[in-house]
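Here's the letter readout for the chains.
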Amino acid sequence: MTDSKYFTTTKKGEIFELKAELNSDKKEKKKEAVKKVIASMTVGKDVSALFPDVVNCMQTDNLELKKLVYLYLMNYAKSQPDMAIMAVNTFVKDCEDPNPLIRALAVRTMGCIRVDKITEYLCEPLRKCLKDEDPYVRKTAAVCVAKLHDINAQLVEDQGFLDTLKDLISDSNPMVVANAVAALSEIAESHPSSNLLDLNPQSINKLLTALNECTEWGQIFILDCLANYMPKDDREAQSICERVTPRLSHANSAVVLSAVKVLMKFMEMLSKDLDYYGTLLKKLAPPLVTLLSAEPELQYVALRNINLIVQKRPEILKHEMKVFFVKYNDPIYVKLEKLDIMIRLASQANIAQVLAELKEYATEVDVDFVRKAVRAIGRCAIKVEQSAERCVSTLLDLIQTKVNYVVQEAIVVIKDIFRKYPNKYESVIATLCENLDSLDEPEARAAMIWIVGEYAERIDNADELLESFLEGFHDESTQVQLQLLTAIVKLFLKKPTETQELVQQVLSLATQDSDNPDLRDRGYIYWRLLSTDPVAAKEVVLAEKPLISEETDLIEPTLLDELICHIGTLASVYHKPPGAFVEGGRGVVHKSLPPRTGSSESAESPDTAPAGVPAADQPSVIPTQGDLLGDLLNLDLGPPVSGPPVATSSVQMGAVDLLGGGLDSLMGGGSGGFAPAPGTAVPSNTGAPLGSGLGDLFDLTGGVGTLSGSYVAPKTVWLPAMKAKGLEISGTFSRQVGSISMDLVLTNKALQVMSDFAIQFNRNSFGLAPAAPLQVHAPLAPNQSVEISLPLNTVGSVMKMDPLNNLQVAVKNNIDVFYFSTLYPLHILFVEDGKMERQMFLATWKDIPNENETQFQIKDCSLNADSVSSKLQGSNIFTIAKRNVEGQDMLYQSLKLTNGIWVLAELRIQPSNPSFTLSLKCRAPEVSQYVYQAYETILKN
């Protein structure tokens, strides 16, 4: 009889009955009772009240009963940790049982009980099992270490289990090796910095030996581990490839894909001149083709991976076009993927076959598939120039079918063909114009309008055609409205006499009657261009258009390389790096292919540096500190400056006028229009009038001290996406243990991937400069954000700014260079050794002239003197002395800036008055205002 009977009872009061049965003397009755308990637990009833009774049943030789009890234990140990400790003794005993199955069962259950209290009791049994004579127990124990590490990482490290795991890689049993590798890989993923899998040629050799005898999942663990190894040269890479190649004929598709991943990665290191390279390419094709005879879901995963492989190395499958032809019974998701790969493999040799297939697909019943097939014909025309004529005639045949959606897709792709091959196929425009009325999709209407506007001089009734679209202007989608506006302006510039009314009508519709900002802006730009300078308008609107490229949907090369390293995982199906979809990003390690080797390769690869150029001399992304941002910002877009430039005008807070005329002074060092403030001495060794009689501006003895909880302002947007082509930067400044950092969040709000980030600061009052490059490890995908902490130092070039704490920043990425300015709070420059001795304080206070003293009011602050003192000390403002004068608390404080300037303060606090009086004395009084702002910020937050 089956166990289904245990799930059918619905008796009341059964807990009491079960309790009695569990304590029965008869073994059979006990076993039945435990089965009933497990059945109740499975359907969601709470049977935790029976915990002590079930645990008592552990003392048995019956393996089946033991398994059931352990199952119960795993489920309830978390909610009953105190009870679970009762089971510890049995675990310890079971780990020494003569039966290896029971030893392994005990150690497996131990790993599943996620209770902190118990874990330390389990270390001894686990240590014994890791050295057990039976390989089954050892392999189970290896996985248990990974589970234990997840619960309490420190304990595992202290107990030396990680070293034992590393020893297991040399075990004689291949399954133990595979599990040890799996456990270490799992631990290494959650701690990317720990170099656990310290792979060397000897350990790689052991893994390759174990590879042949493992189970299929063991092979996958080992292959994934091999993929993370970096061979020292091409010979080692070749020898590993030779030993991995037999895995390609495995029946399990996961093993095949893992082997393909290893080979794709190590092929990077092989020279294309090698005979072996050609052999390997030939060997890779058959297993990939075989994957396509599996069930549809597996086919889809295989196709998504093949899509990546074909983009990286099309030569692998260039002769296998036929296997990607679509079968009538393929599900739609498989059909669309196959189509994509067909286009990627299309070449002059096979284009006739491909076109015949695609024409066939365009008559199918599945609308999505037909649309994609028609698009594919257009993509083939753009990719293989020799086939363009044949493709255009195929598209015309399809237009003659008058099937609405086929016609619309055909018009969209013909527009692209016109862009790729201008003045070649315009004879078909007449046929297209016949189908004008049937177009109801925005993309097709927009494409048709573009064609009419672009070739208006060849179409006699172009004005009538465009006028027909204009009647329902407000009902059209934005895409069509924008296209229509541009087309009518083009028409006007080509035939000004006949179309004056039409252009006025469209401009007024676009500007006065529309509430779409994009449309309005474009309308006003055209209006102003046409009214001020028609010749310029002609140059702008009728400019030569760049030819479109053949493969618009290729994955960006650095992302492609990363995805190749993730073949056979979800990343390769989503075509996104793991960081984009793994929650929290824990354990996501950025992977990349090994650098290319081999003679023929260095000449071909655009990424490598020219031979003979040392790495340091290659052109850097942003000019080095020597030529500073001056050159970078000196895009003289403003009007010529007459007379001496006024420095302050060029740097207004918020309005970053970096491109305006006042740049000469901004870049020209200390002389540009800044007079030293009265009473300050200008040291001869620096061009900046910021210093004082205190000597060297770069007195960097500061920066040592205790951990201080300096106040950090919340992040604000410094560079909005609208001003930076979709890159939004927000940030704040912080100071921790003597080091300053700029904490940034970069958000990609554009539609393309962003990469190659770099940052540079303009000269500034305190010499703030990045202490390291801006490290964005993975390309920033659309709608993705990345948080970066950029360490700063104060040894950059100095120039007095207005305001003093203004910082001008340039950020570069693969799209452009963007500029912004921000104000940094002065308290990030207060160093940790800013506490003066009392006698020194008194002497200095008297020494500084009275005209250098400034007074400020800090309003609405309800703290008492002690809270004020401790709050300020967190930001390195130190209280030297405190005294009470006529009921007022007087705090005497000192602070020191990173450039060695001391500021002395007297803070008066009246218990009943929420306004404080702050008196500041400093040899460089221009900093006082900003020190006061820092006081206010710290005390009020």
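Residues numbered from 1 in each chain as written. Predicted model: local features only at pLDDT ≥ 70, side-chain atom pairs only at ≥ 80, totals over all residues. Heavy atoms only, no water.

Looking up the protein in an unreviewed UniProt entry gives the name AP complex subunit beta, with the organism given as Lepidothrix coronata. The record in UniProt for the protein states the following under Subcellular location (unreviewed entry): "Endomembrane system". If you open the UniProt record of the protein and go to Sequence similarities (unreviewed entry), you find "Belongs to the adaptor complexes large subunit family." (UniProt positions renumbered as here; feature names shortened; annotations may be inferred.)

**Concerning the confidence of the model for the protein**
For the protein, the average pLDDT comes to 80, and 85% of its residues sit at 70 or higher. Per-residue pLDDT, averaged within each element of the protein, yields its smallest value for helix α37 (residues 663-667) (30) and its largest for strand β5 (residues 769-770) (93). Below a pLDDT of 50 lies the segment residues 598-708, which in the model reaches 174 contacts outside its immediate sequence neighbourhood of four places, other chains included. (pLDDT = per-residue confidence, 0-100. Helix = DSSP H or I, 4+ residues; strand = E, 2+ residues; numbered from the N terminus. Contact = heavy atoms within 4.5 Å.)

**Overview of the sheet that holds strand β8 (residues 817-823)**
The strand order β4-β7-β8 describes an open sheet built from 3 strands, whose pairing is antiparallel. Only two strands of the sheet have a single neighbouring strand rather than two, namely β4 (758-761) and β8. When strand polarity is set aside, the average angle formed by the axes of neighbouring strands in this sheet is 25 degrees. Two elements, β4 and strand β7 (residues 806-812), share 4 bridges in a ladder whose sense is antiparallel. Following the sheet pairing, Ile759 is matched in β7 by Val811. (Pairing = 2+ DSSP bridges. Axes fitted to C-alpha atoms, helices over the stretch in contact; angles between N-to-C directions.)

**What to know about helix α15 (residues 216-227)**
Over its 12 residues, α15 runs 17 Å from end to end, which matches the ideal 16 Å to within 8%, given 1.5 Å per residue. For α15, the complete set of buried residues consists of Gly218, Gln219, Ile220, Ile222, Leu223, Cys225, Leu226 and Ala227. In this fold, the buried residues of α15 make contact with α13 (174-190), α14 (201-211), α16 (234-244) and α17 (253-267). (Expected span 1.5 Å × (residues − 1). Buried < 20%, exposed > 50% of the residue type's maximum accessible area, 1.4 Å probe, protein only.)

**Focus on the packing of aromatic side chains**
Tallied over the full model, the rule gives 12 aromatic pairs. Aromatic pair Phe841 and Trp845: ring centres 6.0 Å apart, planes at 25 degrees, arrangement stacked. Here Phe841 and its partner Trp845 are both found in helix α38 (residues 838-847), 4 residues apart, which amounts to about one turn of the helix. This pair shows no difference in class: Phe841 is buried, exactly as Trp845 is. Plain terms: the ring middles of Phe841 and Tyr892 are 6.3 Å apart, the flat faces sit at 75 degrees to each other, and that makes the pair edge-to-face. Taken together, the residues span a long stretch of sequence, with Phe841 in helix α38 and Tyr892 in strand β11 (residues 888-896) at a distance of 51 residues. Of the residues examined, Tyr892 reaches a relative accessible area of 13% and is grouped as buried. Three or more aromatic residues link up through ring pairs in this structure, and these residues are Trp718, Phe733, Phe766, Phe820 and Tyr824. The ring of Phe369 has Lys335 lying over it, and the distance from NZ or CZ to the ring centre is 5.2 Å. (Phe/Tyr/Trp six-rings, centres within 6.5 Å; stacked < 30°, edge-to-face > 60°. Lys NZ or Arg CZ within 6 Å of the ring centre and 35° of its normal.)

**Let's talk about the pairing of strand β12 (residues 902-909)**
Within β12, 7 of the 8 residues are buried, leaving the element largely enclosed by the surrounding structure. Where β11 lies against β12, 8 bridges are found, and the strand directions are antiparallel. In the strand pairing of β12, Lys896 is matched with Trp902. Bridge count between β12 and strand β13 (residues 916-922): 6 bridges; the pairing is antiparallel. The residue of β13 that forms the bridge with Leu904 is Lys921.

**Some thoughts on the nonpolar core**
Grouped together as the largest cluster of nonpolar side chains are 213 residues, with contacts concentrated most on Tyr72, Leu126, Val244 and Phe418. Three or more residues apiece are contributed to this core by two domains, here domain 1 (346-439) and domain 2 (441-532). With near-sequence residues (within four places) excluded, Val244 lies in contact with Leu208, Leu211, Leu223, Leu226, Ala259, Val262 and Leu263. Residues Tyr711, Ile858, Cys922 and Val931 belong to the second largest nonpolar core, which totals 63 residues. (Core = buried A, V, L, I, M, F, W, Y, C linked by side-chain atoms within 4.5 Å. Domains from an automatic or database assignment.)

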